[in-house]
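Chain residues, written in single-letter form:
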Amino acid sequence: MKKYEIGVSTLMLLVIGGAIIIDFIDITKYLPFTKNYDWLNVVSAVIGGLIGGLFTFLGISLSIKNERKNNQERLIEDKKQNGYSYLVFDNNPIKITIALDSLINVQEIKNYTNLVIAENVKADCTQYIEFELSFKNINMNFPSAVGVNKIILLYNSCEKDSKIIFNDIMEFTGYSISFKPITLKNDNTIAFKCTALINSDQLNDIKTNLIDSERIDVKADISFLNPNNIITRGTFSSNLQRNNHKKIGNKNTRGSNKICNEYSSINNYFIIDKIDYIENNSIKD
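Rules used in this analysis
Residues numbered from 1 in each chain as written. Predicted model: local features only at pLDDT ≥ 70, side-chain atom pairs only at ≥ 80, totals over all residues. Heavy atoms only, no water. Helix = DSSP H or I, 4+ residues; strand = E, 2+ residues; numbered from the N terminus. Buried < 20%, exposed > 50% of the residue type's maximum accessible area, 1.4 Å probe, protein only. Lys, Arg positive; Asp, Glu negative; His and termini not counted. Salt bridge = Lys/Arg side-chain N within 4 Å of Asp/Glu carboxyl O. Polar contact = N/O pair within 3.5 Å; in protein donor to acceptor, adjacent residues only side chain to side chain. Contact = heavy atoms within 4.5 Å. Arc of directions from axis to C-beta. Pairing = 2+ DSSP bridges.

Caption draft 1: Inspection of the side chain of Asp-217 at higher detail. On the secondary structure map, Asp-217 appears in strand S10 (residues 215-225). Nearest to the buried, unbridged Asp-217 among oppositely charged side chains is Arg-215, at 5.6 Å. Polar contacts involving the side chain of Asp-217 include one to the side chain of Asn-239, which spans 2.9 Å. With residues near it in sequence (within four places) discarded, Asp-217 still touches Ile-152, Leu-153, Leu-154, Phe-166, Ser-238, Asn-239 and Leu-240.

Right, dumping it as structure tokens:
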């Protein structure tokens with residue numbers, strides 16, 4: 001289309017330039033035109049035809065372009081409506097492993113695991129906890145990769161007026177967010193791990209209040225990518241009851257002293273925030 005516009009514009013300039021030259025050399029000396037510039041009728045007809053043809057072409061081209069755009073948008077919308085992944089937390093949605101005496105090097109793990117970070121944490125060698133999150137896929141569009149945008153933990157609860165009140169909250173936001181592979185389990189269940197970076201003060205609070213919390217709430221902002229090139233971003237939340245508590249390793253052997261809490265769900269909630277379509281669904285670090 002641009003080549004056509006350039007060609008027509010060039011031809012129009014040539015015609016106009018030719019008209020000026022014709023007038024300059026007084027073409028009536030060579031052709032039977034009068035001196036009343038009636039030869040300009042020929043030039044005007046040529047220019048008018050070119051302009052009319054140009055606008056006709058532009059109108060048709062714009063109509064075709066808009067129709068293609070609308071068809072593409074409808075196709076993408078159909079893909080989004082029929083190809084997105086629908087997931088919810090499963091009955092045992094989260095396992096939290098707290099490293100009590102070891103540090104983690106972010107540069108060594110950032111390419112193969114989802115990373116989230118608490119406030120006021122230096123993203124180098126630091127304390128950490130690990131989340132293992134489990135989801136149940138409702139439809140047949142199983143995701144192939146996951147990106148964690150945010151995780152919020154509410155813990156240290158008490159009961160007031162027949163309501164559960166949480167006294168502490170810790171928020172983790174995605175660090176250098178990119179999609180990482182997931183593990184597909186039996187019974188339409190998927191799982192993946194997420195490493196959360198914390199500082200020493202936060203670790204002390206976790207050891208004091210989170211480890212012994214029988215009830216916690218978790219909220220997670222997560223994006224799932226599937227082979228249909230669809231990204232489903234949703235907010236997952238759950239009321240949890242601790243059902244297992246165990247120590248891992250030996251506290252006298254540095255780096256092996258950990259505590260693992262497993263939780264079962266009381267209530268699960270899920271809200272789809274956004275569904276996107278991308279041209280290339282390759283997993284990139």
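Moving on from the coordinates now.
Caption draft 2: The arrangement of the pattern of salt bridges in detail. Enumeration according to the criterion identifies 7 salt bridges in this entry. Ionic pairing is found between Glu-132 and Lys-185, a salt bridge with its closest N-O pair at 3.8 Å. Of the two residues, Glu-132 sits in strand S4 (residues 125-137) while Lys-185 sits in the loop between strand S8 (183-184) and strand S9 (189-198), which places them 53 residues apart along the sequence.

Caption draft 3: Spotlight on helix H4 (residues 200-210). Within H4 the residues assigned to the buried category are Gln-202, Leu-203, Ile-206, Asn-209 and Leu-210. The arc enclosing the buried residues of H4, seen along the axis, measures out at 155°, which places them on a common side. Exposed and facing more than 90 degrees away from the buried side of H4 are Asp-201 and Thr-208. Backbone nitrogen of Asp-201 and a side-chain oxygen of the N-cap are separated by 3.1 Å at the start of H4; the cap is Asn-199.

Caption draft 4: Looking closely at unusual backbone geometry. The phi torsion at Asn-156 lies on the positive side, around 60°, for a residue other than glycine. Relative to the helices and strands, Asn-156 resides in strand S5 (residues 145-160). For Asn-156, a relative accessible area of 23% corresponds to the partly exposed category. In this structure, Asn-229 takes a positive phi of about 70° despite not being glycine. Note that Asn-229 resides in the loop between S10 and strand S11 (230-248). On the basis of relative accessibility, which here comes to 13%, the residue Asn-229 falls in the buried class.

Caption draft 5: Examining the pairing of strand S1 (residues 87-99) more closely. For S1, the buried fraction is high: 10 of the 13 residues fall into the buried class. Alignment of S1 against S4, held across 8 bridges, turns out to be antiparallel. In the strand pairing of S4, Ile-94 is matched with Leu-133. As paired elements, S1 and strand S12 (residues 258-277) share 6 bridges and run antiparallel to each other. Within S12, the position partnered with Ile-96 by the bridge is Asn-261.

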